Amino acid sequence: MPEIPAPALRGNDPLGFLAALGVLALAEQGEIQPVRLRWEGGTAPHAVFVSDAYHGTRDLADALREVARRLLNADAAIPGCPPEFPYRNRHPADTAKGADPMRMSREAARATCEDAARRWESGERWFARWVAALVAPYTLDKDGPEGRIRLTPFNAPFGQMKFRDSYYDQACRYVAATPGMPEDAFVGWIRLEGYTGANLDARAIREAQVSTAGVPSNAGAPSPTWLAVMAIRFFPLADDGRLRTAGWQEVQLYSGATRRSLVWPVWRPPLNAPSVRVLLNHPDLAVQVPNRGTPRVAGGARLRALGITGVYGSSRRTRTQGDGPLGPAVLLWPAPR
């Protein structure tokens, strides 16, 4: 079966890893032909896609660009979801206030979940799966009538960022219309001045002191970002008043970071989406931090038996006006020699 190496999608980078999963997610929804994913290399592994349908990065990129164009033509953001979701405008049942319509009241979240359940019963399954990954209908950011529901921890807004526009629409427009995109996600990222990205890439944020003009600027990479936000469905929420998310752990992996950390494996055998979902949720990926010690996972031989070759983690940085981007990845297993 033909293999398509993607050297720019590195497994030891949070954005690279998520972008590779995004390709798998779009294949699972039938937006592109079936593909499987594996990782090749040592401490800096890169993605390899396995497929009978595509014979190189250009073929695969052409199929992905058509997905972006279909979404734009339908004024939609996510395949399989109603065009208005994630919300660009306030839900009719929403009583919350604020700039972002996705930061809605509990009533609006409940109505969204009920709509997803009705669609599920009528055979439209993907919307419910996306709602389960994006919306926590029972967990509020604060008590009282001013409280708004929490969203996926992939949402880390600062300033006036709105989830729909900043995470989905901007990148989709670039991918659909910019020469070289989205193939650059596989072979060498194109960064665009002024594009912030989805706060998944610390390299996209250029502070004034490191800018040649002496002013803050952004230089995000739309192609891997667009693919990465398509992967959020792999990380559903468990919300019973205490929010937990697949792949996310409450652990600080390095100084100057929060305790909001994404932990993920890379693996050698080619896997489809359901198999990857099992690995992402495996209990042996739990991070342990000995007293004043280095964070590690303790799966050992059990991880090897699953085909896992490495486990990485990334913590969110802090910013003065909100959560910062995911920082650099650290190797959690196996221990460096």
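Our subject is the structure listed above.
Description of the structure in this document. Sequence positions are assigned chain by chain, starting from 1 and proceeding in written order. Thresholds applied to this predicted model are a pLDDT of at least 70 for local features of residues and 80 or more for the giving and counting of side-chain atom pairs; totals over whole chains, interfaces and linings are not thresholded and use all residues. To obtain the side-chain values, all non-hydrogen atoms of the structure were included, while hydrogens and water were left out.

### What to know about the nonpolar core
Line of reasoning, step 1. Within this scheme, the nonpolar core is defined by two criteria: the residues are buried Ala, Val, Leu, Ile, Met, Phe, Trp, Tyr or Cys, and they are joined through side-chain atoms within 4.5 Å. Burial status follows relative accessibility: with a 1.4 Å probe on protein chains alone, a residue under 20% of its type maximum counts as buried, one over 50% as exposed, and anything between as partly exposed. Residues Leu 21, Phe 49, Tyr 168, Phe 186, Trp 226 and Phe 234 are the most contacted members of the largest nonpolar core, which totals 102 residues.
Line of reasoning, step 2. Helical segments are the DSSP runs of H or I of at least four residues, strand segments are the runs of E of at least two, and each set is numbered from the N terminus. Ranked by the residues each element gives to this core, the list is headed by helix α1 (residues 14-28), at 11 residues.
Line of reasoning, step 3. For Phe 49, the contacting residues outside a window of four places in its chain are Pro 2, Glu 3, Ile 4, Ala 6, Leu 9, Ala 20, Val 23, Arg 36, Leu 37, Leu 60 and Phe 186. Residues count as neighbours in contact if any of their non-hydrogen atoms are within 4.5 Å of one another.

### Points about the packing of aromatic side chains
Line of reasoning, step 1. Each Phe, Tyr or Trp ring (for Trp, its six-membered ring) is paired with any other whose centre lies within 6.5 Å, and the angle between the two planes then decides the class: stacked below 30 degrees, edge-to-face above 60, tilted in between. Summed over all chains, the structure comprises 13 aromatic pairs.
Line of reasoning, step 2. Considering the side-chain rings of Phe 17 and Trp 267, the 6.2 Å spacing of their centres and the 85° angle between planes classify their relative orientation as edge-to-face. Placement of Phe 17 in helix α1 and of Trp 267 in strand β12 (residues 257-267) is noted, with a sequence separation of 250 residues between them.
Line of reasoning, step 3. Taken together, the aromatic side chains of Phe 17, Trp 39, Trp 264, Trp 267 and Tyr 312 make up a single cluster linked through ring pairs.
Line of reasoning, step 4. Distance and angle both matter: a charge sits over a ring if NZ of Lys or CZ of Arg is within 6 Å of the ring centre and within 35 degrees of the ring normal. Just above the ring of Trp 120 sits the side chain of Arg 125; from NZ or CZ to the centre is 4.3 Å.
Line of reasoning, step 5. Taking NZ or CZ as reference, Arg 129 lies 4.6 Å from the ring centre of Trp 126, over its face.

### Details of the pairing of strand β3 (residues 46-50)
Looking down a regular strand, the side chains alternate between one sheet face and the other.
Line of reasoning, step 1. Most of β3 sits out of view: four of its five residues are buried.
Line of reasoning, step 2. If DSSP finds at least two bridges between two strands, the strands pair. Relative to β3, strand β1 (residues 3-10) is paired through five bridges, and the arrangement is antiparallel. Within β3, the residue paired with Pro 5 across the bridge is Val 48.
Line of reasoning, step 3. Counted between consecutive antiparallel strands, the loop separating strand β2 (residues 36-40) from β3 contains five residues, among which Gly 41 sits at a positive phi close to 125°.

### Quick notes on the packing of helix α5 (residues 163-177) against helix α7 (residues 222-230)
Line of reasoning, step 1. Each axis is a line fitted through C-alpha atoms, taken for helices only over the stretch in contact, and angles between the N-to-C directions span 0 to 180 degrees. Across the interface, α5 lies against α7 with an axial gap of 9 Å and an inter-helix angle of 135°. With respect to their mutual orientation, α5 and α7 come out oblique. α7 is crossed by α5, and the crossing has left-handed handedness. Packed against α5, whose contacting residues are Tyr 167, Tyr 168, Ala 171, Cys 172, Tyr 174 and Val 175, the element α7 presents Pro 222, Ser 223, Trp 226, Val 229 and Met 230 at the interface.
Line of reasoning, step 2. When residue character is reported, Ala, Val, Leu, Ile, Met, Phe, Trp, Tyr, Cys and Pro are called nonpolar, Asp, Glu, Lys and Arg charged, and the others, Gly included, polar. Partitioned by chemical class, the residues of the contact of α5 with α7 number 10 nonpolar, one polar and no charged. By definition in this entry, angles of less than 35 degrees are roughly parallel, angles greater than 145 are roughly antiparallel, angles of 65 to 115 are roughly perpendicular, and the rest are oblique. Crossing handedness is read from the near helix: turned anticlockwise from the far helix by less than a right angle, it gives a left-handed crossing, and turned clockwise, a right-handed one.

### Re the sheet that holds β3
Line of reasoning, step 1. Pairing is antiparallel in the open sheet, where three strands are placed in the order β1-β3-β2. Only two strands of the sheet have a single neighbouring strand rather than two, namely β1 and β2. Along the sheet, successive strands turn relative to each other by an average axial angle of 30°, direction set aside.
Line of reasoning, step 2. The sheet contacts of α1 involve β1, β2 and β3, and relative to β2 the element is tilted by about 155°.

### Re α5
Line of reasoning, step 1. Any helix carries an expected span of 1.5 Å times its number of residues minus one. The end-to-end C-alpha distance of α5, which contains 15 residues, comes to 21 Å, matching closely the 21 Å that a straight helix rising 1.5 Å per residue would cover.
Line of reasoning, step 2. Of all the bends found along α5, the most pronounced is centred on Asp 169 and spans about 30°.
Line of reasoning, step 3. Looking at α5, one finds that the buried residues are Phe 163, Arg 164, Ser 166, Tyr 167, Tyr 168, Asp 169, Ala 171, Cys 172, Val 175 and Ala 176.
Line of reasoning, step 4. Of the surrounding secondary structure, the elements contacted by the buried residues of α5 are α2 (57-73), α4 (126-134) and α7. A residue's bend is simply the angle between two axes: one fitted to the seven residues ending at it, one to the seven starting at it.

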